[in-house]
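Take a look at the letters that make up each chain.
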Amino acid sequence: MRLMSPPVGLAALTDIDLVGQVARVLTQAVVSGQLAPGAKVVEAGIARELGISRAPVREAARLLEQQGLLVSHPRRGFFVRKLETADIDEIYDLRICVECHAAVLASKNLTPANRDALRRQIDVLHETADLEDHARQVEEDYKFHRMIVEIAGSKRLLKVFDDLSSEMRMVIGLIGRLYDDPHRIAQTHDVLLEVLDQGHADIITARFDYHIASAWREVGKLVREIPASTNGAAT
């Protein structure tokens, strides 16, 4: 008798845009650690848990493979990607390029309305710092940075950021905790809004470079502390 795979803990879906919904659910499962690095994505089990057929699960897995969250092996299926230190270095290096450019563009498009929206999002970061909910803090952090890229007004830049953000959230999920005190993380975003307001391209670039490079340095330290059996290359 064939044993059924244990449930991951996923919610049932509606009939609209199944592939997109499955992709979002699987992404959340990966970045939250429900599906750990190296874990097999059992299509039949996930389809059963979500109350759908296997086809949209397979299509969503292919989509996430393109985004770098999953890897596929012939006749074995899809597995959650394992990140090496070199991968993380590449992710953060590209993030600096994308966000520094986006921030300069966003400063030119800053209006009272979108500035207030950024301010409110920083307030949310300060509020969630007291909740001891690291996953929520990470999501609110990325919302702030994504808003900046949205304000920059480049659809292609936003797509690159979205592809990167899945991998970056996966890194945070891998280490299982924030790289710094959540209150300090929230405070660093106050400075980012200040330089956007001032509108000096060189200062904006320097400040965003420093902000992301600091996170890169601290996250890198934490990843290097993870045992090789947990953080190896994909098999």
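In this report, we go over the structure that sits alongside the text. (Residues numbered from 1 in each chain as written. Predicted model: local features only at pLDDT ≥ 70, side-chain atom pairs only at ≥ 80, totals over all residues. Heavy atoms only, no water.)

Now for the overall build of the chain. Within the chain, the secondary structure is distributed over nine helices and three strands. Listing every helix and strand of the chain by position from the N terminus yields α-β-α-α-β-β-α-α-α-α-α-α. The contacts of the chain with a sequence gap of at least 6 include a subset with a gap of at least 24, amounting to 72%. Of the roughly 12200 Å² of accessible surface on the chain, a fraction of 53% belongs to carbon and sulfur atoms. (Helix = DSSP H or I, 4+ residues; strand = E, 2+ residues; numbered from the N terminus. Contact = heavy atoms within 4.5 Å. Areas by Shrake-Rupley, 256 points an atom, 1.4 Å probe, with all protein chains shown as cover.)

The next point concerns the nonpolar core. Most often, soluble globular proteins keep nonpolar side chains buried together rather than apart. Residues Leu 118, Ile 148, Leu 196 and Phe 208 are the most contacted members of the largest nonpolar core, which totals 60 residues. The element contributing the most residues to this core is helix 4 (residues 85–108), with ten residues. In this view, Leu 118 contacts Leu 110, Phe 144, Met 147, Ile 148, Ile 151, Leu 193 and Leu 196; residues no more than four positions away in its chain are not counted. (Core = buried A, V, L, I, M, F, W, Y, C linked by side-chain atoms within 4.5 Å. Buried < 20%, exposed > 50% of the residue type's maximum accessible area, 1.4 Å probe, protein only.)

Below, the discussion takes up the pattern of salt bridges. Inspection of every chain in the model, using the stated rule, returns 13 salt bridges. The partner of Arg 54 in a salt bridge is Glu 43, with the nearest N and O atoms 3.6 Å apart. Of the two residues, Arg 54 sits in helix 3 (residues 54–66) while Glu 43 sits in helix 2 (residues 43–50), which places them eleven residues apart along the sequence. We classify Arg 54 as partly exposed; its relative accessible area is 43%. Salt bridges here are not isolated pairs; linked through shared partners, they connect Glu 43, Arg 54 and Arg 58. (Salt bridge = Lys/Arg side-chain N within 4 Å of Asp/Glu carboxyl O.)

Where helix 4 contacts helix 6 (residues 134–152), the axes come no closer than 7 Å and their chain directions differ by 55°. Taken together, the axes of helix 4 and helix 6 are oblique relative to one another. Considering the relative orientation of helix 4 and helix 6, their crossing is left-handed. Counting all contacts with helix 4, which are made through Arg 95, Glu 99, Ala 102, Ala 103, Leu 105 and Ala 106, the residues of helix 6 involved are Tyr 142, His 145, Ile 148, Val 149, Ile 151 and Ala 152. Here the residues of the contact of helix 4 with helix 6 are counted per class, giving nine nonpolar, one polar and two charged. (Axes fitted to C-alpha atoms, helices over the stretch in contact; angles between N-to-C directions. Parallel < 35°, antiparallel > 145°, perpendicular 65-115°, else oblique. Left-handed = near helix turned anticlockwise from the far one by under 90°. Nonpolar A, V, L, I, M, F, W, Y, C, P; charged D, E, K, R; others polar.)

Moving on, we come to the packing of aromatic side chains. Working definition: an aromatic ring pair is given by the centre-to-centre distance plus the angle between the planes. Counting across every chain of the model gives one aromatic pair. An angle of 15° between the planes, with centres 6.4 Å apart, marks the rings of Tyr 92 and Trp 216 as stacked. Placement of the pair is Tyr 92 in helix 4 and Trp 216 in helix 9 (residues 201–224), with a sequence separation of 124 residues. You can call Trp 216 partly exposed: its relative accessible area is 22%. (Phe/Tyr/Trp six-rings, centres within 6.5 Å; stacked < 30°, edge-to-face > 60°.)

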